[in-house]
Amino acid sequence: LKLLVLPLIILMMVVLPSRVDEIGFIGKRAIPLYLFTSTCAAIQGTCWAWIIQPGNIGKQPTLEERTLSDDDVTELDAFLNIFYNAVPSNIVMAMADLTILGVIV
């Protein structure tokens, strides 16, 4: 999302001021407001990300080696587990455990 939105906003901040003469009276008032609010939002988002540091809060995945159980898992079970794991039973616990798929869905 960052790779898509940020270049578009920067492009609009660079291109729009050069076309102010073609926009008219309302555009001349709207563009500075748009530039000001976009800049304030970018600064505020950067400050909040710096203060909260969202990537440092969750628990880190373990690197220990895991062994499979003796139970046989069929291809159908593996396929159905995708849908079972996509909808978490507790969304707060899913966010705390960093299981992003369940949070997005």
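Reading guide: rules and limits
Residues numbered from 1 in each chain as written. Predicted model: local features only at pLDDT ≥ 70, side-chain atom pairs only at ≥ 80, totals over all residues. Heavy atoms only, no water. Helix = DSSP H or I, 4+ residues; strand = E, 2+ residues; numbered from the N terminus. Expected span 1.5 Å × (residues − 1). Buried < 20%, exposed > 50% of the residue type's maximum accessible area, 1.4 Å probe, protein only. Patch = residues over 30% accessible without salt bridge, like charges linked within 9 Å, V, L, I, M, F, W, Y side chains within 5 Å. Areas by Shrake-Rupley, 256 points an atom, 1.4 Å probe, with all protein chains shown as cover. Salt bridge = Lys/Arg side-chain N within 4 Å of Asp/Glu carboxyl O.

**Describing helix H3 (residues 25-52)**
- When the terminal C-alpha atoms of H3 are compared, their 41 Å separation across 28 residues agrees well with the 40 Å that a helix rising 1.5 Å per residue should span.
- What H3 keeps buried is the set Gly27, Ile31, Leu35 and Ser38.

**Notes on a nonpolar patch on the surface**
- Together, Leu76, Phe79, Leu80, Ile82 and Phe83 make up an exposed nonpolar region whose accessible area comes to about 520 Å².
- Its place among the elements puts Ile82 in helix H4 (residues 75-86).
- With a relative accessible area of 47%, Ile82 lands in the partly exposed category.

**With respect to the environment of Ser38**
- Locating Ser38 in the fold gives a position in helix H3.
- When the C-alpha atoms of Ser38 and Met13 are compared, they prove to be 8.8 Å apart, with 25 residues separating the residues in sequence.

Interpretation note: all reported values are geometric properties and have no functional meaning in isolation.
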